[in-house]
Amino acid sequence: VQLQASGGGLVQAGGSLRLSCAASERAFNSYTVAWFRRALGMDRTFVAGTHRTYGRLYYDDAVKGRFTFSRDNARNTVYLQMNGLTPEDTAVYYCAVGLSGILSNLWSDAAYAYWGQGTQVTVSS
């Protein structure tokens with residue numbers, strides 16, 4: 001599975017961006033799919049995603065209520081709508097696809113087999 005992330009950019013605090021992640025095949029309706037981010041000098045952390053078995057959406061507390069994960073299976077694309085951005089959201093954002101059936105692995109980047117190349121999001125104050 002090849003993933004292509006896009007949609008990052010520079011935005012002022014309070015602004016919005018929508019990230020997209022397109023897959024080379026019909027992966028999103030069968031696998032665990034998530035967005036992660038890595039701020040400069042920090043570990044990569046879970047942002048939002050959906051588990052292959054449980055189906056519901058999960059969000060990190062830091063983005064809950066501001067970010068929305070969605071997907072369009074017909075277009076093999078997932079999205080991350082980001083509203084109310086703050087400088088603390090500045091990071092490289094990655095989409096990822098995983099095969100694990102264990103729910104607790106949703107939050108672990110080590111459990112994901114396929115990664116997009118990352119798209120930079122910079123929020124100015």
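**Examining the pattern of salt bridges**
If the charged atoms of two oppositely charged side chains come close together, the side chains can form a pair.
Here's step 1: For the coordinates displayed, the defined rule picks out five salt bridges.
Here's step 2: Between D109 and R44 there is a salt bridge, and its shortest N-O distance comes to 3.3 Å. Taken together, the positions of D109 in the loop between β9 (91–98) and β10 (112–115) and R44 in strand β5 (residues 44–50) put the pair 65 residues apart, joining distant regions of the chain.
Here's step 3: On the accessibility criterion, D109 (26% relative accessible area) is partly exposed.
Here's step 4: Overall, the relative accessible area of 22% leaves R44 in the partly exposed class.
Here's step 5: Where R75 meets D72, a salt bridge forms, and the shortest distance between an N and an O atom there is 3.3 Å.

**Some points on the sheet that holds strand β3 (residues 17–23)**
Here's step 1: The strand order β1-β3-β8-β7 describes an open sheet built from four strands, whose pairing is antiparallel. Here the strands that pair on one side only, and so sit at the sheet edges, are β1 (3–6) and β7 (67–72). For this sheet, the mean inter-axis angle between neighbouring strands, taken without regard to orientation, is 15 degrees.
Here's step 2: Sheet topology places β1 next to β3; four bridges connect them, and they run antiparallel. What sits directly across from S6, in β3, is S20.

**Observations regarding the nonpolar core**
Here's step 1: Core analysis: the biggest nonpolar cluster contains 26 residues, and F28, W35, V47, F67, L80, M82 and Y93 have the highest contact counts within it.
Here's step 2: Of all elements in the fold, only β1, β3, β4 (32–38), β5, β7, β8 (77–82), β9 and β11 (119–124) reach the threshold of two or more residues within this core.
Here's step 3: If sequence neighbours within four positions are ignored, L80 has contacts with L17, R18, L19, W35, V47, A48, F67, T68, F69 and Y93.

**Let's talk about the side chain of R37**
Here's step 1: Position of R37 relative to the elements: it lies in strand β4.
Here's step 2: On the basis of relative accessible area, R37 is assigned to the buried category, the value being 12%.
Here's step 3: A polar contact is formed between the side chain of R37 and the side chain of Y93, at a distance of 2.8 Å.
Here's step 4: In this view, R37 contacts D43, R44, T45, V47, A62, V63, F67, E88, D89, A91, V92 and Y93; residues no more than four positions away in its chain are not counted.

Parameters and conventions
Residues numbered from 1 in each chain as written. Predicted model: local features only at pLDDT ≥ 70, side-chain atom pairs only at ≥ 80, totals over all residues. Heavy atoms only, no water. Salt bridge = Lys/Arg side-chain N within 4 Å of Asp/Glu carboxyl O. Helix = DSSP H or I, 4+ residues; strand = E, 2+ residues; numbered from the N terminus. Buried < 20%, exposed > 50% of the residue type's maximum accessible area, 1.4 Å probe, protein only. Pairing = 2+ DSSP bridges. Axes fitted to C-alpha atoms, helices over the stretch in contact; angles between N-to-C directions. Core = buried A, V, L, I, M, F, W, Y, C linked by side-chain atoms within 4.5 Å. Contact = heavy atoms within 4.5 Å. Polar contact = N/O pair within 3.5 Å; in protein donor to acceptor, adjacent residues only side chain to side chain.

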